[in-house]
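# Commentary on secondary and tertiary structure
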Amino acid sequence: MTETAVDQLTEAQARAELARLAEVLAGANRAYHTLDTPEISDAEYDALKQRNMAIEARFPQLRRTDSPSDLVGAAASDGFGKVAHQVRMLSLENAFDDTDVADFEDRVRKYLNHNGELAFTAEPKIDGLSLSLRYESGSLVQAATRGDGEVGENVTDNARTIADIPQHLIGAPDVLEVRGEVYMSHADFAALNERQALAGAKTFANPRNAAAGSLRQLDATITAARPLRFFAYSWGALSEPLAATQFDAITRLAALGFQTNPLTLLCHGPDDLLAHYRQIESQRATLGYDIDGVVYKVNDLGLQARLGFRSATPRWAIAHKFPAELAWTELLGIDIQVGRTGALSPVARLKPVTVGGVVVSNATLHNEDYIVGRDAKGNEIRGGKDFRIGDWVQVYRAGDVIPKLADVDLSRRKIDAQAYDFPRECPECGSPALREEGDAVRRCSGGLICPAQAVERLKHFVSRHAFDIEGLGAKQIEMFFKDADLPVKTPADIFTLGSRDADNGLKRLKNRDGFGETSAKKLFAAIEDKRRIPLDRLIFALGIRHVGEVAAQTLARHYSTWEAFEAGVTHAVPGAVEWDELLSIDGVGMILATSLTAAFQNDAERAAIDALVAQLQVQPVVWKAASDSPVAGKTVVFTGSLEKMTRAEAKARAESLGAKVAGSVSAKTDILVAGPGAGSKLKEAAKHGVATLDEDGWLALIGDA
Ligand code: IVH
């Protein structure tokens, strides 16, 4: 067949020719890189690529999203581009035993107030890494890793080299984001490691690492040479629903050309789920790829939508994990690490041992009670056996959880083995290490004078969900903390780094470890950038015990501005209205309130906080959720029983519309939603002149009636 010269092609012919070349070149690539069996010669391959490029140059508007020009030999960029997920990529809550599964079903029913039929799907939990594939008008346009769930890495070129991932779909919604797991089979993993070893290259610890290392290659030709596979099990953004149920949606994905797991089953209730779990577990060793549990999902997608999400996990799914993997080794020593809140955490140093394919040399020992064989309530665990240095101990690890010591073999204990003496003083600063009543943890009482606490707090301060300062990670914090010339001892010091001397800190910073003029300037710019900080991030960044990300968001939403928050917390002492206000916030209990107010009322802590805030412009909370909703920004209290939805669902729905949900009625309450059986809150509302609605009135107001 003679080819039409590029300059003679009509636009229609060019489009058809580009489609043909894309297919031929993709096939040739796969044959070459994945199957190691080239179908065409290098010269032919190059000629086809040249032709493709020439047509693209003449008709730039026809360039395909899967253009072969982008595929192979693309110049390695300096890292992957970032992709903001249109729909967040979440993780799953875990269940470890049958009771957790029954509890899950129970919670779902309670949340929905649903007593009838309730079906679930059950399918293997693949031990790989998740990937989101975006198709527009049937063509793959983007592939992104999960990243932190909100922003992932753009690995489109790499994903295109995976045979299980279709480049084109027929009959798919206009916008379809397919999510699933990239993994490597046991056989492919073993063969890859063998090839790597022969070539003197790095070998991988397990198939999951191999899959991750292969997908996250800057050079897509390396990914192409790695035998990656993909199972589809979920979806993100969609222009129209895939189906009415989880099971049918998965069937639809299979019909579109995706690999879906053949062990996916529709189940009716916990007994059914557990039976399928045992069935999958019994096949685990012969599946040929790693799985670490079974995932259960509510089948009805309407119910899934009502159940919605917690901060990082859906309420409609759970991962039932397989029991952990075990190994025996020798306990070489016990080190104490001092954390951000002063907790003394014992860490076991072990003679390296392979547990489920991963070499383990450290394991957590939790706390001093755990070492002596007691749980938090003082009851015996492991039959009361303690751990001693030199003991023969059992290590266990479950998925990516930190390894733990599970047991000790007393028959192998050395005669002179000494019981471990847990330190009563902080090994870092010498301050007394105290245990409060009811606390399993012994804590250094040194506060900010303890270098370990101070440095850990700084690391937390700059961490991803806190200030997230580019170029200032844990490693740089360690360096600055010890730096005699440019010390950073408290968060405020970070913001004065650039102005410490006449040379704006630059001269002093450059030429030391890892910093040149450009990176020093970049760091100062990154710091400047974070002087404007959202209130919730600031509250979280302070690293106050019991004030995690969710609590920080709750507090920020309630107080809206730093000034209101600071005044509210400073004056919150039992008996004061500020104390009652703090405790009225849904999600704030005694423990959190006590810890938060203690930090603000401690002179040294307070001085550090004030010095920091003086450097910042704290951004108040803006109600980004549905500002056109009539309840946005309003404080709502629910009381009595609700009939159309559960309390938890009502709260989540109200918050999604931008309302604040409080636990008790005060003059600040805007709306009281009272169901049957409402009592004292109705009277309180009347006293304060708060508008009161019944459930139907509330649903009508928010447009859900
Ligand atoms: S569903 C919204 N199904 O497990 C929840 N996840 O621990 C979407 N995973 O991030 C996830 N197999 O990477 C789902 N059959 C499966 C899975 C699965 C493996 C991974 C996924 C997720 C992680 C959570």
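The coordinates are above.
Our subject in this report is the structure included herewith. (Residues numbered from 1 in each chain as written. Predicted model: local features only at pLDDT ≥ 70, side-chain atom pairs only at ≥ 80, totals over all residues. Heavy atoms only, no water.)

The next thing to look at is the overall build of the chain. Scanning the chain from N- to C-terminus turns up 26 helices and 24 strands. Rg of the C-alpha trace for the chain: 29 Å, near the compact-globule value of 27 Å for 705 residues, within the 12% margin. Viewed in the frame of its principal axes, the chain has a C-alpha envelope of about 90 × 70 × 65 Å. The buried share among the 705 residues of the chain stands at 47%. Taking as baseline every contact in the chain between residues at least 6 positions apart, the subset at least 24 positions apart corresponds to 66%. Between the mean site of the 80 positive side-chain charges and the mean site of the 97 negative ones, the chain shows a separation of 3 Å. (Helix = DSSP H or I, 4+ residues; strand = E, 2+ residues; numbered from the N terminus. Rg over C-alpha atoms; globule rule 2.2 N^0.38 Å. Buried < 20%, exposed > 50% of the residue type's maximum accessible area, 1.4 Å probe, protein only. Contact = heavy atoms within 4.5 Å. Lys, Arg positive; Asp, Glu negative; His and termini not counted. Charge placed at Lys NZ, Arg CZ, Asp CG, Glu CD.)

This part takes up the packing of aromatic side chains. What the rule picks out here adds up to 16 aromatic pairs. An angle of 85° between the planes, with centres 6.2 Å apart, marks the rings of Y420 and F422 as edge-to-face. Each member of the pair, Y420 as well as F422, is classed as buried. Between W562 and F600, the aromatic rings sit 6.1 Å apart at their centres with planes inclined by 40°, giving tilted as the arrangement. In this pair, W562 sits in helix α20 (residues 562–570) while F600 sits in helix α22 (residues 590–601), placing the two residues 38 residues apart along the sequence. The burial state of W562 is the same as that of F600; both residues are buried. By the ring-pair criterion, three or more aromatic residues cluster together here, those being Y559, W562, F565 and F600. Lying over the aromatic face of F481, K489 brings its terminal NZ or CZ to 4.3 Å of the ring centre. (Phe/Tyr/Trp six-rings, centres within 6.5 Å; stacked < 30°, edge-to-face > 60°. Lys NZ or Arg CZ within 6 Å of the ring centre and 35° of its normal.)

Read from one edge to the other, the open sheet built from four strands follows the order β22-β21-β23-β24, with strand pairing classed as parallel. Strands at the two margins of the open sheet, each flanked by one partner only, are β22 (660–662) and β24 (691–693). Between one strand axis and the next, the sheet turns through 30° on average, direction left out of account. Those strands touched by helix α24 (residues 647–656) are β21 (635–639) and β22, and its axis lies near 170° from that of β21. (Pairing = 2+ DSSP bridges. Axes fitted to C-alpha atoms, helices over the stretch in contact; angles between N-to-C directions.)

The subject of this paragraph is the side chain of R315. Turning to its location among the elements, R315 is positioned in the loop between α11 (301–307) and β11 (317–321). E655 provides the closest opposite charge to the buried, salt-bridge-free R315, at an N-O distance of 7.1 Å. In terms of polar contacts, R315 uses its side chain to reach the side chain of Y111, at 3.3 Å. Discounting residues that sit within four places of it in the chain, R315 has contacts with F104, V108, Y111, L307, G308, F309, R310 and A652. (Salt bridge = Lys/Arg side-chain N within 4 Å of Asp/Glu carboxyl O. Polar contact = N/O pair within 3.5 Å; in protein donor to acceptor, adjacent residues only side chain to side chain.)

The local shell around the ligand holds 15 residues, among which E123, I126, R146, E181 and Y233 are the closest. R146 places a side-chain nitrogen or oxygen 2.8 Å from an oxygen atom of the ligand. In the model, an oxygen atom of the ligand is placed 2.8 Å from a nitrogen or oxygen of the E181 side chain. In isolation the ligand has 530 Å² of accessible area, and contact with the protein removes 90% of it. Of all the secondary-structure elements, those providing two or more residues to the shell around the ligand are β3 (120–126) and β10 (291–298). (Near = heavy atom within 4 Å. Areas by Shrake-Rupley, 256 points an atom, 1.4 Å probe, with all protein chains shown as cover.)

Time to look at the sheet that holds strand β9 (residues 265–267). Strand order in the open sheet formed by five strands is β2-β11-β10-β3-β9, with mixed pairing between adjacent strands. The two strands at the open ends of the sheet, each matched to only one other strand, are β2 (94–95) and β9. Inspection of the sheet shows β10 paired to β11 by five bridges, in the antiparallel sense. By the bridge assignment for β11, Y296 is matched with I318.

What follows is about the pairing of β21. In terms of burial, β21 is largely enclosed, as five of its five residues are buried. Alternating positions in β21 separate into two faces, T635, V637 and T639 on one and V636 and F638 on the other, with burial throughout. Judged from the three bridges that link them, β21 and β22 form a sheet pairing that is parallel. Within β22, the position partnered with T635 by the bridge is K660. Note on the crossover from β21 through α24 to β22: the handedness is right-handed. In this structure, β21 lies alongside strand β23 (residues 671–674), joined through four bridges in parallel fashion. What sits directly across from F638, in β23, is V673. (Right-handed = clockwise from strand over helix to strand, strands pointing away.)

A few words on the side chain of T364. Checked against the element boundaries, T364 lands in strand β14 (residues 358–364). Polar side-chain contacts of T364 include one of 3.0 Å to the backbone nitrogen of H366. For T364, the residues in contact, after removing those within four places along its chain, are P346, I402, P403, K404 and L405.

Turning our eyes to something else, we now look at the environment of T223. Inspection of the secondary structure puts T223 in helix α8 (residues 220–224). Residues T223 and A159, spaced 64 residues apart in sequence, show a C-alpha to C-alpha distance of 8.2 Å. A distance of 3.0 Å separates a polar atom in the side chain of T223 from a polar atom in the side chain of N158.

Attention now goes to the pattern of salt bridges. Enumeration according to the criterion identifies 40 salt bridges in this entry. In this structure, E456 and K459 form a salt bridge, with 3.2 Å as the shortest nitrogen-oxygen distance. Residue E456 and its partner K459 are both found in helix α13 (residues 451–462); the two are separated by three residues, about one turn of the helix. With relative accessibility at 18%, the residue K459 sits in the buried group.

For the rest of this paragraph, the subject is α20. Every buried residue of α20 is listed here: W562, F565, G568 and V569. One side of α20 carries all its buried residues, which in axial view fall inside an arc of 135°. (Arc of directions from axis to C-beta.)

Among the 10 residues in strand β8 (residues 229–238), seven count as buried, and that is most of the element. In terms of strand pairing, strand β7 (residues 175–183) meets β8 through seven bridges, oriented antiparallel. What sits directly across from V182, in β8, is F230.

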